[in-house]
2 protein chains.
Amino acid sequence: MATTTTISQVGEFPLISALVKDLPMSRAVTLGPGDDGAVFQIDGSAVVSTDVLVEEVHFRRRWSTASDVGRKAVAVNVSDIEAMGAVPVALVVGFSAPGDLAASWAQEFMAGMAAEAEKAGVSVVGGDTTAGPVISIAVTVIGQTAGMAPVRRDGAVPGDEVAVIGQLGLAAAGLVLLGRGFRSPRAAVSAQRCPEVPYRQGRVAAEAGAHAMIDVSDGLLADLGHIAEQSGFAIDITTSSLDIEESVRTVGMATGMDPLNWVLAGGEDHALAATFTPGTVPQGWTVIGRVLPPGEMGDPTVLVDGQPWQHERGWTHFQS
Amino acid sequence: MATTTTISQVGEFPLISALVKDLPMSRAVTLGPGDDGAVFQIDGSAVVSTDVLVEEVHFRRRWSTASDVGRKAVAVNVSDIEAMGAVPVALVVGFSAPGDLAASWAQEFMAGMAAEAEKAGVSVVGGDTTAGPVISIAVTVIGQTAGMAPVRRDGAVPGDEVAVIGQLGLAAAGLVLLGRGFRSPRAAVSAQRCPEVPYRQGRVAAEAGAHAMIDVSDGLLADLGHIAEQSGFAIDITTSSLDIEESVRTVGMATGMDPLNWVLAGGEDHALAATFTPGTVPQGWTVIGRVLPPGEMGDPTVLVDGQPWQHERGWTHFQS
């Protein structure tokens with residue numbers, strides 16, 4: 001009989017600590033894991049963000065590999081630091097799991113975290129592991145402003161061009177596929193398992209003088225809505241300027257659903273959206289709309305081709 | 001029929017965010033909650049630590065109020081920053097809970113967090129809330145070294161005096177009481193619900209030139225064991241120097257158990273233990289032993305009155 005080694009057999013506490021301990025650290029980290037706290041240098045001010053991923057709420061083990069989940073936990077968090085125009089430096093992870101979880105799952109999870117952390121340019125400096133009824137992952141990333149003012153949500157001004165970089169609608173299309181038992185198109189399914197965050201582009205936007213920025217985690221309209229509300233001006237999106245990815249169109253055709261809904265309201269892609277003085281939008285970013293002058297459209301809301309949007313604006317994970 | 005408002009009725013997402021938003025911030029915090037990340041100033045290097053508290057593993061709702069749990073979540077985390085000799089600055093919380101949790105529980109939890117954060121001198125700058133099968137709380141604290149080198153676990157040298165500040169054995173005695181359905185002595189039960197962390201004493205120790213420091217979360221012998229191992233020298237504890245608190249003695253008498261076990265091996269009190277050059281131990285700290293010269297006792301272990309300890313050395317929460 002083949003048996004699986006569980007984390008409670010290995011000792012769940014030593015397991016993750018041991019894995020974290022072996023990860024490479026950047027030079028900014030002067031004391032890594034293994035003490036009461038890790039120590040690292042910060043250039044400028046510190047920027048912090050935290051996100052929790054819970055099994056069956058944010059991921060499903062039958063849909064995602066352990067590596068996918070580890071990568072996603074890093075990606076969705078670093079994305080917030082990018083959206084401030086800051087540079088990620090250090091990351092800590094709180095990991096809870098049932099004692100009967102296969103030790104190999106935890107190992108692959110940490111390998112996924114490590115791979116994505118390297119891609120994102122952040123060091124995993126510590127963690128806490130504990131028992132719990134389901135897998136629950138809390139990641140906190142600390143970044144540095146490094147000589148730039150943080151790019152907030154409330155800085156958009158009338159006349160700004162609204163631009164995005166990264167994928168839109170792919171993760172939502174992938175969720176529809178997975179929910180129906182499909183595993184392709186691969187790009188959409190992969191995006192649901194772990195988004196392709198446009199690392200370093202938040203910094204590029206800050207250096208280009210972005211006035212406001214956010215990461216698209218809840219849906220383009222919902223997240224631009226935060227910029228509109230907090231800045232006090234309406235935003236108008238031009239749908240003809242939206243690049244709808246091939247695989248999103250394919251899923252739309254196969255399911256008879258309108259792919260534009262996923263692009264405008266689908267969450268979890270973690271693209272970046274920002275507003276810029278016209279003519280200063282960085283290379284690689286796509287202009288998709290503009291910030292309207294006050295009074296042109298009453299509320300500081302987000303319009304689609306000049307009209308209020310009648311459908312879903314955002315996203316609440318697959319639980320609801 | 002009296003009805004209870006649940007967090008899913010209020011909207012679990014807005015609830016905690018709204019509560020975090022209203023908390024006072026120190027001047028170091030230049031951007032509080034409500035954006036992709038919070039921004040704050042760091043004096044010197046940053047020190048980070050994370051801890052996860054899971055319902056039925058680290059606390060029980062029938063034993064602790066929501067406020068107790070909120071206070072404990074802050075206390076156990078700040079304690080790690082203190083143990084590095086650093087100054088806590090900012091804290092973020094990841095909060096998961098079932099949708100049917102009473103909204104009042106979440107409110108009281110946040111009020112407890114806020115009260116303890118104020119006591120600890122740290123600002124709650126952000127959070128993430130999500131659904132989950134049980135209450136799970138991940139707190140990350142970021143501190144600053146502010147001109148002092150961090151005090152690590154590996155700096156103890158032969159001849160050092162080993163000293164402690166804070167409570168020892170109270171939380172373990174309180175756990176025995178709660179497990180038997182008792183609610184007094186109050187001091188022990190309260191310590192199990194939320195430890196009394198000796199805030200600012202980690203910094204006092206650093207300023208006094210402490211060579212090594214740790215917070216006593218797993219048990220005095222287990223935690224001093226980390227200092228011994230990582231420094232490479234044995235430590236000898238003198239039991240006659242240990243102040244056993246009155247209520248710990250009382251619980252010992254009432255249960256027929258030896259209170260010394262709780263003092264030496266009981267966890268969750270979050271006292272601080274550090275080693276100092278003789279004569280430099282700060283006021284308020286109690287000298288309880290010394291670091292032995294190499295070779296005096298083979299392994300870098302912790303002895304009790306010169307002898308190996310035959311009983312439990314540490315603590316693994318009430319689950320096991």
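Residues numbered from 1 in each chain as written. Chains lettered and ligands numbered in written order. Predicted model: local features only at pLDDT ≥ 70, side-chain atom pairs only at ≥ 80, totals over all residues. Heavy atoms only, no water.

Turning next to the overall build of chain A. A tally of regular secondary structure across chain A gives ten helices and twelve strands. With respect to the principal axes defined by its C-alpha atoms, chain A has extents near 65 × 50 × 30 Å. Evaluated residue by residue, chain A yields a buried proportion of 60% over its 320 residues. Pairs at least 24 residues apart make up 84% of the contacts formed inside chain A by residues separated by at least 6 positions. Carbon and sulfur atoms form 50% of the exposed surface of chain A, whose accessible area is close to 11,800 Å². (Helix = DSSP H or I, 4+ residues; strand = E, 2+ residues; numbered from the N terminus. Buried < 20%, exposed > 50% of the residue type's maximum accessible area, 1.4 Å probe, protein only. Contact = heavy atoms within 4.5 Å. Areas by Shrake-Rupley, 256 points an atom, 1.4 Å probe, with all protein chains shown as cover.)

A few words on helix α4 (residues 103–120) of chain A. Residue and element names in this part refer to chain A. With 18 residues, α4 extends 26 Å between its outermost C-alpha atoms, agreeing within 8% with the 26 Å of an ideal straight helix rising 1.5 Å per residue. Restricting attention to buried positions, one finds in α4 the residues Ala103, Trp105, Ala106, Phe109, Met110, Gly112, Met113, Glu116, Ala117 and Ala120. Following α4 by one or two positions, Gly121 adopts a phi angle in the positive range, close to 80°. (Expected span 1.5 Å × (residues − 1).)

This next bit is on the side chain of Thr140 of chain B. When you line up the elements, Thr140 of chain B lands in strand β6 (residues 136–144). Residue Thr140 of chain B is classed as buried on the basis of its relative accessible area, which comes to 2%. A distance of 2.9 Å separates a polar atom in the side chain of Thr140 of chain B from a polar atom in the side chain of Thr140 of chain A. Contact partners of Thr140 of chain B, with chain neighbours within four places excluded, come to Val92 and Thr140 of chain A together with Val48, Ser49, Thr50, Asn77, Ala90, Leu91 and Val92 of chain B. (Polar contact = N/O pair within 3.5 Å; in protein donor to acceptor, adjacent residues only side chain to side chain.)

Here we take up the packing of helix α5 (residues 170–179) of chain B against helix α9 (residues 246–255) of chain B. Axis angle and axis distance: for two packed helices, these are the angle between their axes and the distance between the axes, and together they describe the pair. Residue and element names in this part refer to chain B. In the contact formed by α5 and α9, the axes pass within 9 Å of each other and the chain directions differ by 35°. The chirality of how α5 crosses α9 is left-handed. Packed against α5, whose contacting residues are Leu170, Ala173, Val176 and Leu177, the element α9 presents Ser247, Val248, Val251 and Thr255 at the interface. By residue class, the composition of the contact of α5 with α9 is six nonpolar, two polar and no charged. (Axes fitted to C-alpha atoms, helices over the stretch in contact; angles between N-to-C directions. Left-handed = near helix turned anticlockwise from the far one by under 90°. Nonpolar A, V, L, I, M, F, W, Y, C, P; charged D, E, K, R; others polar.)

Turning our attention to the relation of the copies chain B and chain A. Of the transformation superimposing chain B on chain A, the axial component is 0.0 Å and the angular component is 180°, with the fit at an RMSD of 0.0 Å. Look at the turn and shift together and you get a two-fold axis relating the two. Among all residues of chain B, the minimum C-alpha distance to the rotation axis is found for Ala138 of chain B, at 3.1 Å. Both copies present the same face, since 100% of the interface residues in chain B are matched by interface residues at the equivalent positions in chain A. (Least-squares fit on C-alpha atoms with pLDDT ≥ 70 in both.)

So, on to the sheet that holds strand β5 (residues 123–131) of chain B. Pairing is mixed in the open sheet, where six strands are placed in the order β1(A)-β2(A)-β3(B)-β6(B)-β4(B)-β5(B). Edge positions in the sheet fall to β1 (29–31) of chain A together with β5 of chain B, since each of these pairs with one other strand and no more. On average, each strand axis in the sheet is inclined to that of its neighbour by 25°, with strand direction left out of account. Taken strand by strand, helix α3 (residues 66–82) of chain B contacts β3 (46–54), β4 (87–97) and β6 of chain B, and its axis lies near 145° from that of β3 of chain B. With respect to the sheet, helix α4 (residues 103–120) of chain B is in contact with β4, β5 and β6 of chain B, its orientation differing from that of β4 of chain B by roughly 170°. (Pairing = 2+ DSSP bridges.)

To continue, consider the packing of aromatic side chains. In this structure the tally under the stated criterion is six aromatic pairs over all chains. When the centroid spacing of 5.0 Å and the interplanar angle of 35° are considered together, the rings of Phe95 of chain A and Phe109 of chain A count as tilted. With Phe95 of chain A in strand β4 (residues 87–97) and Phe109 of chain A in helix α4, this pair connects stretches of sequence that are 14 residues apart. The pair Phe95 of chain A / Phe109 of chain A is uniform in exposure class, with both members buried. Residues Phe276 of chain A and Trp285 of chain A carry aromatic rings whose centres are separated by 5.5 Å and whose planes lie at 80° to one another, so their mutual orientation is edge-to-face. In terms of burial, Phe276 of chain A and Trp285 of chain A fall into one category: buried. Looking at Arg60 of chain B, its charged tip hangs above the ring of Trp63 of chain B, at a distance of 4.8 Å from the centre. (Phe/Tyr/Trp six-rings, centres within 6.5 Å; stacked < 30°, edge-to-face > 60°. Lys NZ or Arg CZ within 6 Å of the ring centre and 35° of its normal.)

A few words now on the sheet that holds strand β8 (residues 212–216) of chain A. All names here are of chain A. The strand order across the open sheet formed by six strands is β8-β10-β7-β11-β9-β12, and the pairing between neighbours is mixed. The open sheet has two edge strands with one neighbour each: β8 and β12 (302–304). Averaged over neighbouring strand pairs, the angle between their axes works out to 25° when direction is ignored. Pairing of β8 with strand β10 (residues 271–276) involves five bridges; the strand directions are antiparallel. By the bridge assignment, Asp215 is partnered in β10 with Leu272. Across the sheet, helix α3 (residues 66–82) touches β8 and β10, and the angle it forms with β8 is around 170°.

Turning our eyes to something else, we now look at the side chain of Ser64 of chain A. As for its position among the elements, Ser64 of chain A is in the loop between β3 (46–54) and α3. By relative accessible area, Ser64 of chain A is classed as buried at 10%.

Turning next to the pairing of strand β10 (residues 271–276) of chain B. Within β10 of chain B, six of the six residues are buried, which leaves it mostly tucked inside the rest of the structure. Burial of the side chains of β10 of chain B extends over both faces: Ala271, Ala273 and Thr275 of chain B are buried on one face and Leu272, Ala274 and Phe276 of chain B on the other.

This next bit is on the interface of chain B and chain A. Note: interface size is frequently given as the accessible area lost on complex formation between the parts. Each side of the interface is counted separately: chain B has 51 residues, and chain A has 51 residues. In total, about 3,700 Å² of surface goes out of reach between chain B and chain A, with carbon and sulfur atoms giving 60% of it. For the pair chain B and chain A, the number of links is four salt bridges. As a salt-bridge pair, Asp35 of chain B and Arg153 of chain A come within 3.6 Å of each other at their nearest N and O atoms. The interface formed by chain B and chain A holds 19 residue pairs in polar contact (both at pLDDT 80 or more) in total. Mapped onto the side of chain B that touches chain A, the elements with two or more residues apiece are β2 (38–40), β3, β4, β5, β6 and β8 (212–216) of chain B. Among the elements that take part in the side of chain B that touches chain A, β3 of chain B stands out by supplying eight residues, more than any other. (Buried area = accessible area lost by both parts, 1.4 Å probe. Salt bridge = Lys/Arg side-chain N within 4 Å of Asp/Glu carboxyl O.)

Of all nine residues in β3 of chain A, nine are buried, a share of seventy percent or more. Neither face of β3 of chain A is left uncovered, since the one carrying Ala46, Val48, Thr50, Val52 and Val54 of chain A and the one carrying Val47, Ser49, Asp51 and Leu53 of chain A both have all their residues buried. Bridge count between β3 of chain A and β2 of chain B: three bridges; the pairing is antiparallel. Its bridge partner being in β2 of chain B, Val48 of chain A is matched across the sheet by Ala38 of chain B.

Residue and element names in this part refer to chain A. Applying the stated criterion across every chain, the model contains 24 salt bridges over all chains. The partner of Arg71 in a salt bridge is Glu196, and the shortest N-O contact between them spans 3.9 Å. Of this pair, Arg71 sits in helix α3 while Glu196 sits in the loop between α6 (186–193) and α7 (201–207), placing them 125 residues apart in sequence. Residues joined by salt bridges that share partners form a network here, namely Arg71, Glu116, Lys119 and Glu196.

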